[in-house]
Amino acid sequence: MTLSTVERFGAGTAEADELFQMDEDAFRLFYERTARSVWAYLSRMTGDPRLADDLLQETYYRFLRATHAPTDEAHRKNYLFRIATNLVYDTRRRPRVDAVPMHDHLEHADPRQPDHAAGAARRVDLSRAMARLKPRERALLWLAYAQGSSHKEIADTLGLKAASIKLLLFRARRRLAALLGEGAR
Amino acid sequence: MTECTREPEVIEAIAQGRHLDELRDHLARCAACAEIAAMAAMFRDERRAAVGDAHIPAAGTVWWRSTIRARAEAARTVSQPITLAQGIAGACAIGLASGLAALAWRLLPASFSDLILSIDARREEFATASALVLQHALPLALGLAACLVIAPLALYLALADD
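Residues numbered from 1 in each chain as written. Chains lettered and ligands numbered in written order. Predicted model: local features only at pLDDT ≥ 70, side-chain atom pairs only at ≥ 80, totals over all residues.

## A few points about the overall build of chain A
- Per the secondary structure count, chain A includes nine helices and zero strands.
- Start at the N end of chain A and walk to the C end: the helices and strands fall as α-α-α-α-α-α-α-α-α.
- Residues classed as buried in chain A amount to 34% of the 185 residues present.
- Long-range pairs, those at least 24 residues apart, make up 62% of the contacts in chain A between residues at least 6 apart in sequence. (Helix = DSSP H or I, 4+ residues; strand = E, 2+ residues; numbered from the N terminus. Buried ≥ 20, exposed ≤ 12 C-beta atoms within 10 Å, placed from the backbone. Contact = placed C-beta atoms within 7 Å.)

## Quick notes on the overall build of chain B
- Secondary structure summary: chain B contains six helices and zero strands in total.
- The order of helices and strands in chain B, counted from the N terminus, is α-α-α-α-α-α.
- Here chain B holds 162 residues, and 13% of them are scored as buried.
- The long-range fraction of contacts in chain B, counting pairs at least 24 apart against all pairs at least 6 apart in sequence, stands at 65%.

## Some words on the packing of helix 1 (residues 7-15) of chain B against helix 3 (residues 31-53) of chain B
All names here are of chain B.
- Two numbers describe how helix 1 lies on helix 3: the axes approach to 10 Å, and their chain directions differ by 25 degrees. By the angle class used here, helix 1 and helix 3 are roughly parallel. Seen from above, helix 1 lies across helix 3 with right-handed handedness. For the pair formed by helix 1 and helix 3, the contact residues are E7, V10, I11 and I14 on the first element and A32, C33, I36, A37, A40, A41 and R44 on the second. (Axes fitted to C-alpha atoms, helices over the stretch in contact; angles between N-to-C directions. Parallel < 35°, antiparallel > 145°, perpendicular 65-115°, else oblique. Left-handed = near helix turned anticlockwise from the far one by under 90°.)

## A look at the interface of chain A and chain B
- Every contact between the two is made by 42 residues of chain A and, on the other side, 34 residues of chain B.
- Broken down by secondary-structure element, the contributors of at least two residues to the side of chain A that touches chain B are helix 1 (3-9), helix 2 (13-19), helix 3 (24-46), helix 4 (49-65), helix 6 (114-131), helix 7 (135-146) and helix 9 (162-184) of chain A.
- Class assignment for the residues of the side of chain A that touches chain B results in 24 nonpolar, nine polar and nine charged. (Nonpolar A, V, L, I, M, F, W, Y, C, P; charged D, E, K, R; others polar.)

## Considerations on helix 4 of chain A
- Between the first and last C-alpha of helix 4 of chain A there are 24 Å, a value that for 17 residues agrees with the 24 Å anticipated at 1.5 Å per step.
- Among all positions of helix 4 of chain A, only P49, L51, A52, L55, L56, T59, Y60, Y61, F63 and L64 of chain A are buried. (Expected span 1.5 Å × (residues − 1).)

## Observations concerning the packing of helix 3 of chain A against helix 4 of chain A
Residue and element names in this part refer to chain A.
- Look at helix 3 against helix 4: their axes get within 9 Å of each other, and the N-to-C directions meet at 135 degrees. By the angle between their directions, the pair helix 3 and helix 4 is classed as oblique. As helix 3 runs across helix 4, the sense of the crossing is right-handed. Only P49, L51, A52, L55, L56, T59, Y60 and L64 of helix 4 make contact with helix 3, whose side of the interface consists of F27, Y31, A35, V38, W39, L42, S43 and T46.

## Remarks on the environment of E46 of chain B
- Note that E46 of chain B resides in helix 3.
- When near neighbours in sequence (up to four residues on either side) are disregarded, E46 of chain B contacts R44, R123, L126 and A146 of chain A.

## Considerations on the nonpolar core
- Among the nonpolar cores identified, the biggest contains 57 residues, and V38, L42, A84 and L140 of chain A are the most heavily contacted of them.
- In terms of residue count, the dominant contributor to this core is helix 3 of chain A (nine residues). (Core = buried A, V, L, I, M, F, W, Y, C linked by C-beta atoms within 7 Å.)

## Here we look at helix 1 of chain B
- Turning to helix 1 of chain B, its buried residues are E7, V10, I11 and I14 of chain B. Viewed end-on, helix 1 of chain B has its buried residues packed into an arc of 95 degrees, placing them on one side of the element.
- In this structure, the buried residues of helix 1 of chain B make contact with helix 7 of chain A together with helix 3 of chain B.
- Looking one or two residues past helix 1 of chain B, G17 of chain B carries a phi angle of roughly 75 degrees, positive in sign. (Arc of directions from axis to C-beta.)

## Examining the environment of S37 of chain A
- Relative to the assigned elements, S37 of chain A resides in helix 3.
- For S37 of chain A, a count of 19 C-beta atoms within 10 Å puts it in the partly exposed group.
- Once the C-alpha coordinates of S37 of chain A and F81 of chain A are considered, the two residues, 44 residues apart in sequence, prove to be 9.3 Å apart.
- Each residue touching S37 of chain A, except ones within four places of it in the same chain, is listed here: Q147 of chain A together with V51 of chain B.

## Examining the confidence of the model for chain B
- Of all residues in chain B, 78% have pLDDT values of 70 or greater, and the mean over the chain is 79.
- Element-level mean pLDDT values for chain B span from 66 in helix 5 (residues 111-121) of chain B up to 88 in helix 3 of chain B. (pLDDT = per-residue confidence, 0-100.)

Written as structure tokens, this is what we have:
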């Protein structure tokens with residue numbers, strides 16, 4: 001498939017709108033509201049900002065191409081995070097050799113600024129502990145505490161039963177606390 | 001450590017950025033909620049930092065890339081049956097050519113059987129007979145070889161985009 005073929009089939013913008021479940025203006029608004037949160041989620045789930053860049057594009061592409069995407073804003077956002085979560089899970093099944101740990105840049109924090117250094121150190125601890133969690137535990141904790149999602153929203157995003165979220169979250173939290181405790185020792 | 005019924009309240013307060021003064025007494029008594037408060041605050045800070053770090057592409061860029069990709073996929077979907085038909089047609093042409101070649105070989109003039117007989121009868125004229133066989137077989141073999149070379153080439157040219 002060459003560009004000439006693509007061009008032959010892509011005559012105008014109207015056709016692009018037909019390919020997607022929302023028009024360009026609606027997409028721009030939705031993207032502006034959600035992209036940073038999605039990137040933060042992808043970045044912390046994968047531990048690799050470069051991979052997060054790629055997955056961000058893929059997430060929105062799959063979202064646009066979805067045939068049964070929800071129409072209301074809250075569900076759309078959950079759906080977007082669900083796509084992102086599935087992509088992260090898929091990525092973890094494929095080995096990567098060029099991944100850059102996300103806390104590498106934090107280790108160069110300026111030690112002359114105590115608050116900044118302490119904050120950076122805390123973030124390094126958290127990212128190291130997060131890296132040792134299972135992907136589902138990581139997703140649960142991020143959605144609950146970073147995103148502030150309800151148990152119902154987390155269940156929608158991760159494809160789990162709402163009733164099981166409380167227990168799973170409790171276990172994930174205990175595990176993270178244990179890992180952070182190990183790191184502090 | 002056990003769960004606490006006030007956990008959602010703590011999480012909500014942190015999510016909304018409210019001060020935890022009103023929950024201070026409870027947090028002092030409840031280890032579970034204190035842990036949640038500490039963890040949620042840590043995650044909030046991490047999220048704030050991550051959102052600050054994010055260098056996301058413009059919405060228009062993401063839309064444009066998605067459009068290009070969607071069109072390419074649509075084009076590929078449309079062209080699949082055509083490619084398949086062309087492939088089948090090419091295979092049929094090769095099969096037909098081979099069949100015709102085989103038929104032509106069988107319908108060679110009786111001179112071929114005469115030739116065999118003449119080989120048996122007059123071995124001394126073997127060299128002449130060989131030349132005769134070559135004379136008949138060579139064009140046929142060349143035709144067949146040409147088919148085998150030209151057919152994939154024709155197929156490639158038919159399927160190539162440019």
